[in-house]
Every structure is written in C-alpha cells, then in structure tokens.
Amino acid sequence: ELVDYDSEAEPMLTFGAGSVTSVDPAGTLFAYTPSTGVVARVDAADADTVASRWQLEPVPGDPDVQITSVGGRWVVLDVSARTLHLEGGGRVDLSGVLDQSESPVLQSPSLTGDQVAIAYRGGLIAVGLDGAEPRSLVEGVLGLPAAPVMHRGCLNAAWALGYAWRSCAAADERPVELEGATG
C-alpha cells in the first residue's frame, strides 16, 4: 500500500548506478549492473534478498544494455557491443545480424519459452536460450520497434510505422500492415 510508503526510507535493495531491471509476470526480478558485471535475481516471495548472482565481464562507461527473462532464465543484451549474454554462460555475437543504429529491443519477460526475440528497425530475430545462431523471423519492416511480447503462447511484435506480426505456429509468421496506423 502506498499509505505506508516513505520516500525518505533507505531502499531494501540497491544494484548500483546504470543498472537495468526486468520483472516477469510471476514477480521475479532480474537486475544487471554493467559496471560490476553482476546479474542478480530477486524472488517476489523474498523481495529484500538477492536469491542468486551471476558474474559477467564488467562493461566500462555508460553502455546501452537491456535485460529480460524467458522461462525463468535471464538474457542480457549489450547493444553497444552487439552481444547477447545468456544464463548458463552462453554468449552470442549479433554483429553480423544487428547494427547498433537499428534500435534493438529485447522481448518483454515471459514465463515460458526456449528462445528470446529481439525486434529492430528492420525486423525481428530469435536466439535460442541454448546459444543457437540467431534466426530471422521478420525482415523488411519499417519503424522503431516495440518490445516483442509473448501472450497466450503467441509471440507478438510491432513497429511504429504500422507493422505488426504474430506467430503461434510456424505457418503464421508473416508481417501485416495495420490499417489507420501512422508513424
């Protein structure tokens, strides 16, 4: 309740400057602090304690990074280095698929799945959580991407200039133009 909120109180947890976070639908929080390279997991049931930590190489400066989780496993995207870090130690080089200027966006946290989707200005790729090579799902779309979302077993993606895509099965993978959408 906000009635008990005290803006002057010390925080229960801190992760450090430049940290990025994601929270899945079950309330599990993942945080990544580039300056230390630490990925932390906090479970909703014990919100004032870090349940698990992983160590990545620290990234100096002010890098463009994102974090999400799929099926309870974290994924970190270093946009600047065009590298995807996967829980379990996997590292996928995206430099052959993504350009930093393409505004890549990781999918929103999902409780299920075995791959992570990344939307960008020209399309959508997926990378298996096992570190498999990226595969293209959508090409040739325009506009800034929204974070792809897994909803009721279907992966959904959209771009600012009126394109949307949804796949619930391999046969359903095609972009559509939204009527009345403006950029």
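Since this is a predicted model, take the numbers as computed values, not measurements. (Residues numbered from 1 in each chain as written. Predicted model: local features only at pLDDT ≥ 70, side-chain atom pairs only at ≥ 80, totals over all residues. Heavy atoms only, no water.)

Q: Could you clarify how one ought to interpret the overall build of the protein chain in this entry?
A: In terms of helices and strands, the protein chain carries 0 helices and 16 strands. Against the compact-globule benchmark of 16 Å for 183 residues, the protein chain has a radius of gyration of 17 Å, which places it among compact chains. Considered along the principal axes of its C-alpha atoms, the protein chain spans approximately 50 × 40 × 30 Å. The proportion of buried residues among the 183 residues of the protein chain is 39%. Within the protein chain, counting contacts between residues at least 6 apart in sequence, those at least 24 apart form 37% of the total. Treating the 10 positive side-chain charges of the protein chain as one cloud and the 25 negative ones as another, the clouds have centres 8 Å apart. (Helix = DSSP H or I, 4+ residues; strand = E, 2+ residues; numbered from the N terminus. Rg over C-alpha atoms; globule rule 2.2 N^0.38 Å. Buried < 20%, exposed > 50% of the residue type's maximum accessible area, 1.4 Å probe, protein only. Contact = heavy atoms within 4.5 Å. Lys, Arg positive; Asp, Glu negative; His and termini not counted. Charge placed at Lys NZ, Arg CZ, Asp CG, Glu CD.)

Q: Teacher, can you tell me more about the state of the cysteines here?
A: What is meant by a disulfide is a covalent connection between two cysteines, made through their sulfur atoms. A full pass over the atoms with the stated rule returns 1 disulfide. Across the disulfide from C154 sits C168; the S-S distance is 1.7 Å. The sign of the 105° torsion about the S-S bond sets the C154-C168 disulfide as right-handed. Placement of C154 in strand β14 (residues 154–159) and of C168 in the loop between β15 (163–167) and β16 (175–177) is noted, with a sequence separation of 14 residues between them. (Disulfide = S-S within 2.5 Å.)

Q: Which parts of the structure should I look at to understand the sheet that holds strand β7 (residues 83–86)?
A: What holds strands together in a sheet is hydrogen bonding between their backbones, with the strands either parallel or antiparallel. Pairing in this open sheet of 4 strands is antiparallel, and the strands run β5-β6-β7-β8 from one edge to the other. Of all strands in the sheet, those bounded by a partner on one side alone are β5 (65–70) and β8 (91–93). When the angles between neighbouring strand axes are averaged without regard to direction, this sheet yields 20°. Relative to β7, strand β6 (residues 73–78) is paired through 4 bridges, and the arrangement is antiparallel. Residue V76 lies in a different strand from β7, and its bridge partner there is H85. (Pairing = 2+ DSSP bridges. Axes fitted to C-alpha atoms, helices over the stretch in contact; angles between N-to-C directions.)

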